[in-house]
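Spelled out from the first residue to the last, the chains are:
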Amino acid sequence: MILKLGIPKGSLESATIELLRRAGFNVTTSSRSYFPVIDDPEIECVLIRAQEMARYVENGLLDAGITGLDWVQENEATIRPVCDLVYAKQSFGKVRWVLAVPEASPFKTVHDLEGKIIATELVATTKRYLAERGVKAKVEFSWGATEVKPPELADAIVEVTETGSSLRANKLRIIETVLESNTQLIANVDAWDDPDKRRKLEDMAMLLEGAMAALGKVGLMLNVRRADLQTVLDALPALRNPTVSALSDDEWLAVNTILDESTVRVIIPRLKDAGAQGIVEYPLNKIVM
């Protein structure tokens with residue numbers, strides 16, 4: 001059994017390969033090849049633009065792929081969503097496709113754009129959005145640099161944003177959100193019905209979700225006297241109840257827990273004050289519930 005997997009070429013490429021690595025799949029790319037090497041003999045990889053991924057998965061040229069919900073909807077592709085992977089090129093969150101206009105323009109809502117020109121890469125979705133609101137406007141495909149088109153080349157744009165900083169830098173303001181999107185692992189319908197490929201995809205989804213769950217988390221081990229245990233636990237927020245184990249010395253216990261990495265610098269001194277010793281912080285690749 002060979003599973004043909006599409007990896008998004010472009011802005012999501014590095015983040016996707018890093019997530020796969022954390023999930024246990026080492027992927028090696030080359031600037032001269034669109035066929036990355038992966039250390040799993042049951043998987044063959046190909047780099048495909050995220051915009052095209054859903055179409056190739058739907059047609060069966062790929063068994064599965066990693067792409068955005070936005071491009072699945074834009075292509076109106078019939079695929080099987082396997083799992084959500086909420087990450088983007090800059091942050092670990094969702095992205096928004098927004099309707100934006102020049103700061104100085106009089107437009108306040110989508111209805112103010114009746115008869116106007118809107119530039120976007122997300123043409124079909126934008127047309128559906130306008131039709132649902134009874135607005136007739138001309139939607140033009142943008143090949144790039146969409147933010148610089150208003151007001152001379154377009155009255156408004158529909159553009160993807162994570163932080164909004166690029167829009168602000170180009171003196172644009174958001175008036176509505178057209179679509180909220182996140183990355184997904186998707187499968188071809190027939191591939192999903194194949195027991196071997198489905199099991200492979202389910203295993204991959206579990207590992208990828210585990211890698212996502214571990215982002216921003218670290219493990220913490222420490223030793224504590226029985227008499228100080230409750231004081232230490234009171235200072236220790238945890239993903240779940242920490243694991244407490246007996247040591248060879250009956251007076252001492254071992255505590256193991258998971259924390260947000262951003263809180264460790266504050267918590268470790270408090271743990272030391274509470275009587276903890278031998279505190280060890282270690283990185284995590286996966287948390288599988």
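Look a little higher up for the structure.
This section reports on the structure supplied with the text. (Residues numbered from 1 in each chain as written. Predicted model: local features only at pLDDT ≥ 70, side-chain atom pairs only at ≥ 80, totals over all residues. Heavy atoms only, no water.)

## Describing the pairing of strand E3 (residues 33-38)
Link 1 in the chain: Relative to E3, strand E2 (residues 27-30) is paired through three bridges, and the arrangement is antiparallel. By the bridge assignment, Thr 28 is partnered in E3 with Val 37.
Link 2 in the chain: Connecting E2 to the antiparallel partner E3 that follows it, the hairpin turn spans two residues. (Pairing = 2+ DSSP bridges. Helix = DSSP H or I, 4+ residues; strand = E, 2+ residues; numbered from the N terminus.)

## With respect to helix H1 (residues 13-23)
Link 1 in the chain: Three or more residues of H1 are buried, namely Glu 13, Thr 16, Ile 17, Leu 19, Leu 20, Arg 22 and Ala 23.
Link 2 in the chain: Residues of H1 that are buried sit in contact with strand E1 (3-9), E2, strand E4 (43-49), strand E5 (64-68), strand E6 (80-85) and helix H7 (195-214). (Buried < 20%, exposed > 50% of the residue type's maximum accessible area, 1.4 Å probe, protein only. Contact = heavy atoms within 4.5 Å.)

## Side note on the sheet that holds strand E14 (residues 243-246)
Link 1 in the chain: If you walk across this open sheet you meet the four strands as E14-E15-E13-E16, and the pairing is antiparallel. This sheet does not close on itself; its edge strands, each paired only once, are E14 and strand E16 (277-283). This sheet shows a mean twist of 20° between the axes of neighbouring strands, independent of strand direction.
Link 2 in the chain: Summarising the sheet, strand E13 (residues 217-225) and strand E15 (residues 252-260) pair through nine bridges and their orientation is antiparallel. Counted as the bridge partner of Leu 220 is Thr 257 from E15.
Link 3 in the chain: The strands touched by helix H9 (residues 261-273) are E13, E15 and E16; relative to E15, the strand with the most contacts, the crossing angle is about 155°. (Axes fitted to C-alpha atoms, helices over the stretch in contact; angles between N-to-C directions.)

## Some details on the pattern of salt bridges
Link 1 in the chain: All told, the structure shown has 14 salt bridges when counted by the stated rule.
Link 2 in the chain: A salt bridge links Lys 197 to Asp 63, with the nearest nitrogen and oxygen atoms 3.1 Å apart. Here Lys 197 is found in helix H7, whereas its partner Asp 63 is found in the loop between helix H2 (50-59) and E5, with 134 residues between them in sequence. Of the two residues examined, Lys 197 and Asp 63, each falls in the buried class.
Link 3 in the chain: One salt bridge in this structure joins Lys 217 and Asp 260, with 2.5 Å as the shortest N-O distance. With Lys 217 in strand E13 and Asp 260 in strand E15, this pair connects stretches of sequence that are 43 residues apart. (Salt bridge = Lys/Arg side-chain N within 4 Å of Asp/Glu carboxyl O.)

## Side note on the state of the cysteines
Link 1 in the chain: With the rule as written, the count across this model stands at zero disulfides.
Link 2 in the chain: This cysteine, Cys 45, is not joined by any disulfide, and Cys 83 carries the nearest cysteine sulfur, 15 Å off.
Link 3 in the chain: With relative accessibility at 5%, the residue Cys 45 sits in the buried group. (Disulfide = S-S within 2.5 Å.)

## Topic: the nonpolar core
Link 1 in the chain: Counting 27 residues, the largest nonpolar core has Leu 185 and Leu 208 as its most contacted members.
Link 2 in the chain: Listed by contribution, the elements that provide at least two residues to this core are E1, H1, E4, E5, E6, strand E12 (183-187) and H7.
Link 3 in the chain: By residue number, the principal contributor to this core is H7, which donates six residues.
Link 4 in the chain: Residues Val 139, Val 158, Ile 175 and Leu 179 belong to the second largest nonpolar core, which totals 20 residues. (Core = buried A, V, L, I, M, F, W, Y, C linked by side-chain atoms within 4.5 Å.)

## Describing the packing of H1 against H7
Link 1 in the chain: Two numbers describe how H1 lies on H7: the axes approach to 8 Å, and their chain directions differ by 100°. As summarised for this structure, H1 and H7 are arranged roughly perpendicular, according to the angle between their axes. Contacts from Leu 19, Leu 20, Arg 22 and Ala 23 of H1 reach H7 at Leu 207, Leu 208, Ala 211, Met 212 and Ala 214.
Link 2 in the chain: When grouped by side-chain class, the residues that make up the contact of H1 with H7 number eight nonpolar, no polar and one charged. (Parallel < 35°, antiparallel > 145°, perpendicular 65-115°, else oblique. Nonpolar A, V, L, I, M, F, W, Y, C, P; charged D, E, K, R; others polar.)

## Quick word on unusual backbone geometry
Link 1 in the chain: Of the consecutive residues Pro 150 and Pro 151, the connecting peptide bond is found in the cis state with omega at 0°.
Link 2 in the chain: With respect to the helices and strands, Pro 151 occurs in the loop between strand E9 (138-141) and strand E10 (156-161).
Link 3 in the chain: Backbone geometry places Glu 76, a non-glycine residue, at a positive phi of 50°.
Link 4 in the chain: Inspection of the secondary structure assignment puts Glu 76 in the loop between helix H3 (69-74) and E6.

## Topic: the packing of aromatic side chains
Link 1 in the chain: What the rule picks out here adds up to two aromatic pairs.
Link 2 in the chain: With 5.7 Å between their ring centres and 90° between their planes, Trp 71 and Trp 97 make a pair best called edge-to-face. You can see Trp 71 sitting in helix H3 and its partner Trp 97 sitting in strand E7 (residues 95-102), a full 26 residues away along the chain.
Link 3 in the chain: Ring centres of Phe 141 and Trp 143 lie 4.8 Å apart, and the angle between their planes is 85°; on these two criteria the pair is classed as edge-to-face.
Link 4 in the chain: Accessibility expressed as a relative area gives 80% for Trp 143, which makes it exposed.
Link 5 in the chain: Taking NZ or CZ as reference, Lys 9 lies 5.5 Å from the ring centre of Tyr 34, over its face.
Link 6 in the chain: Between Arg 55 and the ring centre of Tyr 56, over which it is positioned, the NZ or CZ distance is 5.0 Å. (Phe/Tyr/Trp six-rings, centres within 6.5 Å; stacked < 30°, edge-to-face > 60°. Lys NZ or Arg CZ within 6 Å of the ring centre and 35° of its normal.)

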